[in-house]
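So you can see what is in the structure, the chains are spelled out below.
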Amino acid sequence: MEHHSILRVISKLLIPPIILYALYVQWHGDYGPGGGFQAGVVFAVAFILYSLVYGVDALTRIVSPRLLHAFAGIGVLIYAGTGVVTMLLGDAFLGYNALAHDPVHAQEWGIIVVEFGVGVTVASVMMTIFIAFASHNPPLKDEDW
Amino acid sequence: MSANLVGIAIIDILLFTFLVVTAIVILRLRNLFGVVMLAGVFSLLSAALFVTLDAVDVAFTEAAVGAGISTVLMLGTLALTVREEKKPSHSAFLPLLVCTIAGAALLYGTRDMPSFGAPDTPVQTHVAPDYIARTPVETGVPNIVTAVLASYRGYDTLGETAVIFTAAIAVLLLLGASGKRREDKDSEGKE
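Rules used throughout
Residues numbered from 1 in each chain as written. Chains lettered and ligands numbered in written order. Predicted model: local features only at pLDDT ≥ 70, side-chain atom pairs only at ≥ 80, totals over all residues. Heavy atoms only, no water. Salt bridge = Lys/Arg side-chain N within 4 Å of Asp/Glu carboxyl O. Helix = DSSP H or I, 4+ residues; strand = E, 2+ residues; numbered from the N terminus. Buried < 20%, exposed > 50% of the residue type's maximum accessible area, 1.4 Å probe, protein only. Contact = heavy atoms within 4.5 Å. Polar contact = N/O pair within 3.5 Å; in protein donor to acceptor, adjacent residues only side chain to side chain. Buried area = accessible area lost by both parts, 1.4 Å probe. Nonpolar A, V, L, I, M, F, W, Y, C, P; charged D, E, K, R; others polar. pLDDT = per-residue confidence, 0-100. Axes fitted to C-alpha atoms, helices over the stretch in contact; angles between N-to-C directions. Parallel < 35°, antiparallel > 145°, perpendicular 65-115°, else oblique. Left-handed = near helix turned anticlockwise from the far one by under 90°.

**Considering the pattern of salt bridges**
Residues and elements named next belong to chain B.
For step 1, the next point in the chain: In this structure the tally under the stated criterion is four salt bridges over all chains.
For step 2, the next point in the chain: Note that aspartate 130 is salt-bridged to arginine 134, the shortest N-O span being 3.2 Å. Linking aspartate 130 with arginine 134, this pair stays in helix α6 (residues 128-138), spanning four residues, or about one helical turn.
For step 3, the next point in the chain: Since its relative accessible area comes to 32%, arginine 134 is described here as partly exposed.
For step 4, the next point in the chain: Bridged by salt links that share partners, the residues Asp130, Arg134 and Glu138 form one connected network.

Structural data, given as structure tokens:
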């Protein structure tokens, strides 16, 4: 892999904008196209690109698979937990109107929080699945390229 | 306006032609690496079609998941399995018959469907105007798709998130968690 300097330089240039774009899609999902699901996928793609160029072991040194497994569950809990919180505040499950005094504001808050949960789960799951597949494959040799 | 419509029609026809050509080539190819790449192209073409239908959220998802992630995962699967499709051992007559009958039934069914992209279909006139009218007042969210997904249909999206979580569990159960197993094998091999 040491010889592929073009791939390494280009991917290093691409990864920061990809992560930035994922965060933009995540937090601007209520204004433009996209939302938690797409943002999670794009976020995971940045790490998968890194792994494709530098190897799975380099990726698992940055984000440990255990951490990803935890975050896959945490995202679902954030989503479902929002529903529990709204129930405790006296509204229906996932009835965001109780989250703030102004229903319109409450809706916006609720949407942002659950989309964050979706994004966390999707990003972690995509990386988890990729690592599960890739770590069963022997690393590519230079002749395979 | 009509020139605009003609332009969209030309783009639609081009995209559908490419879709059909890609599908036929995928059917004919035995090299699975080429099939995976063409499946990515198929997804990208579908995403372009969704854009011409103004469904940018769906197009975004199709491009990111269909053309991006699933291509990478399919390549990972190829590396785990084989790169060439086996020759079928049985005759193609029965599958061809089933496909012809099913295809004819589907084509017959489309006769009752509204024309492509028609604005006066039940989908466009039933609940959609309701959401379009209610979303700005009740949520203040400019992207109605996000409001429907995360608020009005919040239960469904919670279910989808749980499905994605389940997918991760299933893959981990089938393939084993993290890369520990391979490292063990490597160290055994060195010893």
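**Comments concerning the environment of A:Tyr96**
For step 1, the next point in the chain: With respect to the element layout, A:Tyr96 can be found in the loop between α4 (65-88) and α5 (103-134).
For step 2, the next point in the chain: Take A:Tyr96: its relative accessible area is 1%, and that puts it in the buried class.
For step 3, the next point in the chain: Counting along the chain gives 11 residues from A:Tyr96 to A:Val85, while the straight-line C-alpha distance between them is 9.2 Å.
For step 4, the next point in the chain: Setting aside residues no more than four positions away along its own chain, A:Tyr96 makes contact with A:Thr82, A:Thr86, A:Ala106, A:Gln107, A:Gly110, A:Ile111, A:Val114, B:Ala150 and B:Ser151.
For step 5, the next point in the chain: A polar contact is formed between the side chain of A:Tyr96 and the backbone oxygen of B:Ala150, at a distance of 2.4 Å.

**Quick look at the interface of chain A and chain B**
A common way to express how large an interface is: the accessible area buried when the components associate.
For step 1, the next point in the chain: With 48 residues of chain A at the interface, the matching set in chain B holds 45 residues.
For step 2, the next point in the chain: Of the roughly 4,000 Å² buried at the junction of chain A and chain B (both faces included), carbon and sulfur atoms supply 74%.
For step 3, the next point in the chain: When the area that chain A buries against chain B is broken down by residue, the three leading residues are A:Tyr79, A:Phe133 and A:His136, summing to 15%.
For step 4, the next point in the chain: Summed over the shared surface of chain A and chain B, the result is zero salt bridges.
For step 5, the next point in the chain: Scanning the region where chain A abuts chain B turns up 12 residue pairs in polar contact (both at pLDDT 80 or more).
For step 6, the next point in the chain: Counting only elements with at least two residues in the side of chain A that touches chain B, the list comes to α1 (5-27), α2 (36-54), α4 and α5 of chain A.
For step 7, the next point in the chain: The element contributing the most residues to the side of chain A that touches chain B is α5(A), with 18 residues.
For step 8, the next point in the chain: Partitioning the side of chain A that touches chain B into residue classes produces 31 nonpolar, 12 polar and five charged.

**A closer look at the confidence of the model for chain B**
For step 1, the next point in the chain: Scored by pLDDT, chain B comes out at a mean of 85, with 92% of its residues at no less than 70.
For step 2, the next point in the chain: Contacts from residues 181-191 of chain B, a stretch scored under 50 in pLDDT, to residues over four places away or in other chains number eight contacts.

**Some points on the packing of α2(A) against α5(A)**
Residues and elements named next belong to chain A.
For step 1, the next point in the chain: It is the contact of α2 with α5, at a shortest axis distance of 7 Å, that shows an interaxial angle of 30°. Here α2 lies roughly parallel to α5, going by the angle between them. Like other packed secondary-structure pairs, α2 and α5 cross with a definite hand, here right-handed. Residues Gly36, Phe37, Gly40, Val41, Phe43, Ala44, Phe47, Ile48, Ser51 and Leu52 of α2 form the contact with α5, whose own contacting residues are Glu115, Val118, Gly119, Val122, Ala123, Met126, Met127 and Phe130.
For step 2, the next point in the chain: Partitioned by chemical class, the residues of the contact of α2 with α5 number 13 nonpolar, four polar and one charged.

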